[in-house]
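Here's the letter readout for the chains.
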Amino acid sequence: MARLNLFLIATGLLHHASGHQSTSYNKLTERATVPDIGFFDPLATDGGSMLTQVPGTFPAGQGEPLNVIISGKSDPLILSPSPQDNGGLFNYFLSLSFGTSCGGGINLGDKQSANLGDGQGYVNETVVMRYNYGDPIRGTCNETQLGGNHFRFWSQTGSAANSSAIFLAVSYELSLEQQHDIAVNGYNLGRDWLVGNATHSNFANPNPLSTQASATSSGPSIIPSASYTGSTSANGWTYQTTATYVTGLLQATSVGINHNTTVQEDGRPAVDGLVALLTVSITARNETTSTSGSDSSRQAWGRYLQPIALSSTILVLFAL
C-alpha cells in the first residue's frame, strides 16, 4: 500500500472555522410537515442557495453545487447525523463505501458553508466524507492521497424550514499532488457515482437526463421517467435507496462554479443542472447494535469517526 505521510500541526485543527458552526450533530428536533418532494426549496427563501460558499476562490465568490439530497421522507434514523446513532446516517454512508477523512475526521482544507433557507443562515459543513476504496479503516487515507469521490454535507433543520433533509455537495477530486482540483465533469460524475453506489446503477457520461435540465432555476420538479432502486449493507444493517433526479434547483452553467474552467467538458457546463434525490429506508436492523452502547458497529468504525486528542505543541505523523 502506498504510504501517506500526513503532517498535522495540532493548534486549532479541531475547531471549526469562524462564523456559524455546524449544528448538524444535534438530534432531530421536531420537524415541520415535510413537503411531498422531501425537502424545503432553499431558493424559496431570501438568502438560500444551492451553491456552497468556498473561502479563497479565484475569482472570489465561487461555490460548489449541492447536487444530492437525502429526502426528509427517509427513515428518521437516517436523518440523524450523529456517529452515536447506530445504524444511522454514518453507517448508511459506510454502506456506500464512504468514511470520514483520514486522521479521525480532520480535514485540512477550508471549511465550506451553505445556506439551506431554513433560517440558520450560512452554516459550516458537518464533515467531509471520502470514498474508502473498500477499506473502511484506512481507505479514506488513499482517497486523500490519490483522489476520488468525496462530499461534505449539511442538515436542513432550522426552525424556518425543518425537513431534516441532508444536502450533499459531491465531487470527484484529483490527487493531493494535483492539489485536489476537481476532475473534468467531476461534480456530475461524483453525484452519479454516489447514486450508483447506493442503487447499483450505471450512468452514461454525460447523464442523458441533463437534456431535461434548464439554464434557469424554476423550482424543484422530479423527472418522472427516471427512478433507480438498490440495497446496501454495513454492520448488519441493510438500506434500500430509491433515487430520482430533480430539475429546477441548479442551473446548467459554469458561472459561479468553483474550478469551472477545468471542470467543464466539450462545451458542456461544469454543472448539468440535475440534483439527485435519495429516499432511504431501513429494511434490516442489527438489533444487537441498536440496543447496546458498546456495540460492534461503533467499535468497527468509531476509530476514524472520533476526533483525535492532540497537544497544541505536537506535530503528528500518520504513516499508513
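That block above? That's the structure.
Residues numbered from 1 in each chain as written. Predicted model: local features only at pLDDT ≥ 70, side-chain atom pairs only at ≥ 80, totals over all residues. Heavy atoms only, no water.

(A) Just the packing of aromatic side chains, in detail. Inspection of every chain in the model, using the stated rule, returns 14 aromatic pairs. Arranged with centres 6.1 Å apart and planes meeting at 65 degrees, the rings of phenylalanine 90 and phenylalanine 153 form a pair that is edge-to-face. One end of the pair, phenylalanine 90, is in helix α1 (residues 89-95); the other, phenylalanine 153, is in strand β7 (residues 148-155), and 63 residues separate them in sequence. The residues phenylalanine 90 and phenylalanine 153 share a single accessibility class, namely buried. These aromatic residues form a ring-pair network of at least three members: Phe90, Tyr92, Phe93, Phe98, Tyr131, Tyr133, Phe151, Phe153 and Tyr239. (Phe/Tyr/Trp six-rings, centres within 6.5 Å; stacked < 30°, edge-to-face > 60°. Helix = DSSP H or I, 4+ residues; strand = E, 2+ residues; numbered from the N terminus. Buried < 20%, exposed > 50% of the residue type's maximum accessible area, 1.4 Å probe, protein only.)

(B) Region of the structure containing empty space enclosed by the protein. Applying the stated criterion across every chain yields a total of three cavities of 30 Å³ or more. A volume near 40 Å³ is recorded for the second largest cavity. Lining the second largest cavity are Asn185, Asn188, Leu189, Asp192, Trp193, Phe203, Ala204, Asn205, Pro206 and Asn207. Class assignment of the residues belonging to the lining of the second largest cavity gives a composition of five nonpolar, four polar and one charged. (1 Å grid on protein atoms, 1.4 Å probe; cavity = no way out; pocket = protein on both sides within 12 Å on 5 of 7 lines; lining within 4 Å. Points joined across faces, edges and corners; volume = space filled by probe spheres on them. Nonpolar A, V, L, I, M, F, W, Y, C, P; charged D, E, K, R; others polar.)

(C) Inspection of the sheet that holds strand β3 (residues 98-100) at higher detail. Read from one edge to the other, the open sheet built from eight strands follows the order β3-β6-β7-β8-β2-β13-β10-β9, with strand pairing classed as mixed. Edge positions in the open sheet fall to β3 and β9 (221-234), since each of these has one partner strand only. Here the average twist between neighbouring strands, direction ignored, is 30 degrees. Across three bridges, strand β2 (residues 68-70) lies against strand β8 (residues 166-173) in antiparallel orientation. From the neighbouring strand, isoleucine 70 faces β8, where its bridge partner is isoleucine 166. (Pairing = 2+ DSSP bridges. Axes fitted to C-alpha atoms, helices over the stretch in contact; angles between N-to-C directions.)

Without other data, these values stay purely geometric and don't point to any function.
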